[in-house]
Structure formats: C-alpha cells, structure tokens
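Report on the structure
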Amino acid sequence: MLARRRGPGVTPPPILEARDLVKRFPAGGGLGLGGRTVHALNGVSLAIAAGETLAVVGESGCGKTTLAHCLTGLTTPSAGRLLLDGEDAAAMLRREPMRFRRRVQIVFQDPYASLNPRRRVADTVGDALRIHRLCPRRARRDRVAALIAEVGLGEEHLDRFPHELSGGQRQRVAIARALAVEPAVVVCDEPVSALDVSIQAQVINLLRDLQARRSVGYLFISHNLALVRHIARRIAVMYLGEVVETGTTAELRRRLLHPYSQALFAAAPEIGRPPGTARPPLSGDVPSPIDMPRGCPFHTRCPHARARCAAEAPALRPVDGRMVRCHFAEELSA
Ligand code: SF4
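Here is a short report on the structure shown in this document.

**As for the packing of aromatic side chains**
- If you walk through the whole model with that rule in mind, you get three aromatic pairs.
- Taking the centre distance of 5.0 Å and the plane angle of 80° together, the rings of Y239 and F298 count as edge-to-face. Of this pair, Y239 sits in strand β9 (residues 234-239) while F298 sits in the loop between α12 (259-266) and α13 (307-311), and the two are 59 residues apart along the sequence.
- On the numbers, 5.4 Å between centres and 70° between planes, the contact of Y260 with F298 is edge-to-face. A residue pair is termed long-range when its members are at least 10 positions apart, and Y260 in helix α12 and F298 in the loop between α12 and α13 qualify at 38 residues.
- Of the residues examined, F298 reaches a relative accessible area of 2% and is grouped as buried.

And the structure:
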C-alpha cells in the first residue's frame, strides 16, 4: 500500500517520509475572516531516500513552501504523519527536537534574510556546531574553516558579516550552516531563485558535489522546470495542495500524463527548444485555496474536463510507470 503511494523507482528505505500530510490555516492569519480556512496541503505523500533528489514543482501558491515547512518541523501538520528513519517525527520533535534537526535541515530562498546580519560567518556556522555539541570549542574554528572551504569559500570570509558577501557567497554560507550538523536530508526551498543567473549554476553544481560526497538527500523545491529536469531523479508536480503526478525524471521526460503537468512543462523555456515554441501558460486563475473547487481541483482550468471531473475528486493512482491524479489519465495518454 505504502510502496504504491511512494511511486515507482524510489530507492528504499526512505529517510524522511510524508504520509497524507494536511495543513490548514485560518484565513487572514487568524484574524477571524468568517471562520474560513486555507487548505494549503490536502494529503501529500512522498519519501526521500539517501543520496537522491526529489524535486517538487508547481505554480506559486500550490503549497510547496508549506510542504517544506511541514517536512522540516517549522510548522505542524493539521493531519497525516511525518516519519524520520521510520520513527514518528511529531513525537521526536516534542521530545528530542535536536535529534530531528540534526537529521533534517533547510536552505531558504533568500540567504540574506536567513542569516543573522550581526553574526560573522564563523559564528553563524559555528553556532550549529555549538548548539548540537558536535565540536569542542578549541577545534570549532578549524571545523568551520573546513566547512567553508567545502562550499567554495576561503578563510578570508570567516570574519565577514552577511552584508560583506555577495548573494552567492551568502547562499554558500547558508549551505555550510545546514551541512555543519551532517544532516541526512536537506530541504532546499527555491535555493537559487534569488541569485543572479550566472551564480545559479555554480550553487547547483555545489549542491550536486556535496550530495555525491555526503550522500545527503535533497527535497528540491523550484519553479524552474528546466533546472529540476537537470538535477532531480524524481519529480512531484503539485497543484492546489495536492501531488497530481509523480515519477522518475526519466519517465516524466518521456511523457507527462496529467493535463496540469503537460501545461506547466509545455510553457517552460528549455535549452534547445526553438524560440517561441513554448506553449502559453495556462489560462485562468488558480482557484483560491479557501474556496477549493469540488471534484478535481484542476477542473476549472483543465482543457479535458468532463462532468465527472466537477463531481468526483480523482485519487492518485499508478498509470504507465508513475502516479497520476486524473480520472482519464489512460485515455489522455493513448
Ligand atoms: Fe482534467 Fe478531469 Fe483529469 Fe482533473 S480529472 S485533470 S479535470 S480530465
């Protein structure tokens, strides 16, 4: 049952596993907007194994960042389970939060906002070692210097403040801080989208090198579809808080089955694609996660929608070597 949910091609055993995660917020941040509810995640299941990259893609507002926060213990799911090394993560976060945080780290989109502007690089990275008691004080600076070297910075950066670094250097410091505790999984929440294009490839190559050396698993959240096809072994496509299609990158490159995945990837620019041949983005607005459509959440924009789509929500199920959430996936793939 569980293996079916994870989808084909997963290397067992998973380190971090989400089972039917649900997250709801009061609309208006709890200001009492008529007791209405934001349905941010609506039953997301996925798993990350050692040394692999799972990419999560979708339009803004699809729940990617809420998922990242649930997976890293920064927010508590409303329902569903999170397992770390097969153990219940909610219980671990209550009783031994440091043990969870040593295994699961996060790299945020904006390195400037995620670094303390009053802490030097040596202190920012050293704090992770100090808090987790991973290194005696006298050896800490050498350990930090080694970590900083591993992310491509030098000893001359150790005593700098974040404002004295470039955007790419700041993200390297954030990565060093995450890796200081030797995590098994790092959730990368749009880690290069705030960087200049010329720097993005350097940071991506750094993440790949670190993964090869340390066998760390990445959950890589991105709206850059060309990028995820390049770096991820598996891809999960999200729409309105649900995974609508997931499988190996090779399978999804061969053919996409869900109408939303097809539209999303067809609209993306890709290296080698002749200019002007990308399809226009999807028409229509993403429905509000407060007023979720009945039936298939995509039916208000789907070019293949029929009467059944507005009445009955499709389940995520195996079709042609991947998992798809569409009543008519076989027909559409024919
Ligand atoms: Fe489109 Fe219907 Fe499939 Fe939803 S279930 S993706 S509306 S065809």
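**Examining the site of the ligand**
- Taken together, H258, P259, C296, F298, H299, C302, H304, A305, C309, C326, H327 and F328 make up all the residues around the ligand.
- Residue composition of the shell around the ligand, grouped by class: eight nonpolar, four polar and no charged.

**Comments concerning the pattern of salt bridges**
- If you walk through the whole model with that rule in mind, you get 22 salt bridges.
- Notably, a salt bridge pairs R301 with E59, separated by 3.1 Å at the nearest N-O pair. Here R301 is found in the loop between α12 and α13, whereas its partner E59 is found in the loop between β3 (53-57) and α2 (64-71), with 242 residues between them in sequence.
- Classification of R301 as buried rests on a relative accessible area of 8%.
- In this structure, E245 and R322 form a salt bridge, with 2.6 Å as the shortest nitrogen-oxygen distance. Placement of the pair is E245 in strand β10 (residues 242-248) and R322 in strand β12 (residues 322-324), with a sequence separation of 77 residues.
- The class for R322 is buried, based on a relative accessible area of 0%.

**Details of the packing of helix α7 (residues 137-150) against helix α9 (residues 197-214)**
- Two numbers describe how α7 lies on α9: the axes approach to 11 Å, and their chain directions differ by 120°. Taken as axis vectors, α7 and α9 run oblique relative to one another. For the pair α7 and α9, contact is made by R143, L147 and E150 and by L206, L210, R213 and R214, respectively.
- Class assignment for the residues of the contact of α7 with α9 results in three nonpolar, no polar and four charged.

Cut-offs applied
Position numbers for residues start from 1 in each chain and track the written sequence from start to end. The model is predicted, so local features are restricted to residues of pLDDT at least 70 and side-chain atom pairs to those at 80 or more, both for listing and for counting; the totals for chains, interfaces and linings are taken over all residues. Only heavy atoms go into the side-chain values, all of them from the structure, while hydrogens and water stay out. Geometry of aromatic contacts follows a simple scheme: Phe, Tyr and Trp rings, the Trp one being its six-membered ring, pair when their centres are within 6.5 Å, and the pair is stacked under 30 degrees between planes, edge-to-face over 60, tilted otherwise. Counting from the N terminus, the helices are DSSP H or I runs at least four residues long and the strands are E runs at least two residues long. Each residue gets one of three labels from its accessible area relative to the maximum for its type: buried under 20%, exposed over 50%, partly exposed in between, using a 1.4 Å probe on protein chains only. For this description, a residue counts as near a given molecule or strand if any of its non-hydrogen atoms is within 4 Å of it. Residues are grouped as follows: Ala, Val, Leu, Ile, Met, Phe, Trp, Tyr, Cys and Pro are nonpolar; Asp, Glu, Lys and Arg are charged; every other residue, Gly included, is polar. A side-chain nitrogen of Lys or Arg and a carboxyl oxygen of Asp or Glu constitute a salt bridge if their distance falls within 4 Å. Lines fitted to C-alpha atoms define the axes here, with helix axes fitted over just the stretch in contact, and angles between the N-to-C directions of these axes take values from 0 to 180 degrees. Here roughly perpendicular refers to angles of 65 to 115 degrees, roughly parallel to angles under 35, roughly antiparallel to angles over 145, and oblique to all remaining angles. The contact criterion used throughout is that any non-hydrogen atoms of two residues lie within 4.5 Å.

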